[in-house]
Amino acid sequence: MTLTPATPATEQSDGPATSPEGVLAEISRLLRELLAEYALEDAEITRDTSFHDDLELESVDLVTLSGALRDTYGDRVNFAEFIADLELDEIIALTVGQLVDHVVTSLNTVPAETTGS
């Protein structure tokens, strides 16, 4: 079964994937780059993978991930704002799937008119 992205195909070809599967693949790639520092680039990353318990990311790693998300998706995805709305126990329990959902929602609700300036 193939899921169709909620964004137009032209947006797909002009930048990173915006479907849940594409965003999961992109976040997995970003995390593997980050985890390579710790020789953990082979860690299995799924929607259920937690940043704290499974990947053992520190707060500085989340800052690095935030920067990588901004580099990839621009200002349309604001990781810091997303985290700011969570309680500490929710941040500790945060999963890759929750981040994927946030990215997909952000990409589908914030206009892509951030180019040009």
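This text goes with the structure placed above it.
Residues numbered from 1 in each chain as written. Predicted model: local features only at pLDDT ≥ 70, side-chain atom pairs only at ≥ 80, totals over all residues. Heavy atoms only, no water.

Trainee: Help me understand the overall build of the chain, please; the structure alone is not making it clear to me.
Mentor: Within the chain, the regular secondary structure consists of six helices and zero strands. Seen in sequence order, the chain has helices and strands lined up from the N terminus as α-α-α-α-α-α. Here the chain holds 117 residues, and the buried ones make up 37% of them. Across the chain, contacts joining residues at least 24 apart in sequence account for 61% of those joining residues at least 6 apart. Of the accessible surface of the chain, which amounts to about 7200 Å², a share of 52% is contributed by carbon and sulfur atoms. (Helix = DSSP H or I, 4+ residues; strand = E, 2+ residues; numbered from the N terminus. Buried < 20%, exposed > 50% of the residue type's maximum accessible area, 1.4 Å probe, protein only. Contact = heavy atoms within 4.5 Å. Areas by Shrake-Rupley, 256 points an atom, 1.4 Å probe, with all protein chains shown as cover.)

Trainee: Could you clarify how one ought to interpret the pattern of salt bridges in this entry?
Mentor: Close approach of charged atoms allows side chains of opposite charge to pair. Across all of its chains, the model carries four salt bridges by this definition. For aspartate 101, the salt bridge goes to arginine 47, with nearest N and O atoms at 2.9 Å. Here aspartate 101, found in helix H6 (residues 96-109), pairs with arginine 47, found in the loop between helix H2 (20-36) and helix H3 (59-73); they are 54 residues apart in sequence, far enough to count as distant. On the basis of relative accessibility, which here comes to 34%, the residue arginine 47 falls in the partly exposed class. We note a salt bridge from arginine 70 to aspartate 75, for which the minimum N-O separation is 3.1 Å. Residue classification places aspartate 75 among the exposed positions, given a relative accessible area of 53%. Connected through salt bridges with shared partners, the residues Glu26, Arg29 and Glu33 form a single ionic network. (Salt bridge = Lys/Arg side-chain N within 4 Å of Asp/Glu carboxyl O.)

Trainee: Explain the packing of aromatic side chains here, please?
Mentor: The geometry of an aromatic ring pair comes down to the distance between the two centres and the angle between the two planes. Under the defined criterion, the tally for this structure stands at one aromatic pair. Ring geometry for phenylalanine 79 versus phenylalanine 82: centroids 6.4 Å apart, planes at 45°, classification tilted. One end of the pair is phenylalanine 79 and the other is phenylalanine 82, both in helix H4 (residues 79-84) and three residues apart, which spans about a single turn. Of the two residues, phenylalanine 79 and phenylalanine 82, both sit in the buried class. (Phe/Tyr/Trp six-rings, centres within 6.5 Å; stacked < 30°, edge-to-face > 60°.)

Trainee: So what exactly am I meant to see when it comes to H3 here?
Mentor: Given 3.6 residues per helical turn, the α-helix brings residues three or four places apart onto the same face. Under the 1.5 Å per step criterion, the end-to-end length of H3 is 21 Å for 15 residues, consistent within 8% with the ideal 21 Å. All of the buried residues along H3 are Asp61, Leu62, Leu65, Ala68, Leu69, Thr72 and Tyr73. In a view along the axis of H3, the buried residues occupy a sector of 115°, so they form one face of it. For H3, exposure combined with an orientation more than 90 degrees from the buried face picks out Ser59, Val60, Val63 and Asp71. A positive phi of about 75° marks glycine 74, the residue just after H3. (Expected span 1.5 Å × (residues − 1). Arc of directions from axis to C-beta.)

Trainee: Would you explain a negative patch on the surface in this entry?
Mentor: On the surface, Asp48, Asp53, Asp54, Glu56 and Glu58 cluster together into a negatively charged patch. With respect to the helices and strands, aspartate 53 occurs in the loop between H2 and H3. A relative accessible area of 55% places aspartate 53 in the exposed class. (Patch = residues over 30% accessible without salt bridge, like charges linked within 9 Å, V, L, I, M, F, W, Y side chains within 5 Å. Lys, Arg positive; Asp, Glu negative; His and termini not counted. Charge placed at Lys NZ, Arg CZ, Asp CG, Glu CD.)

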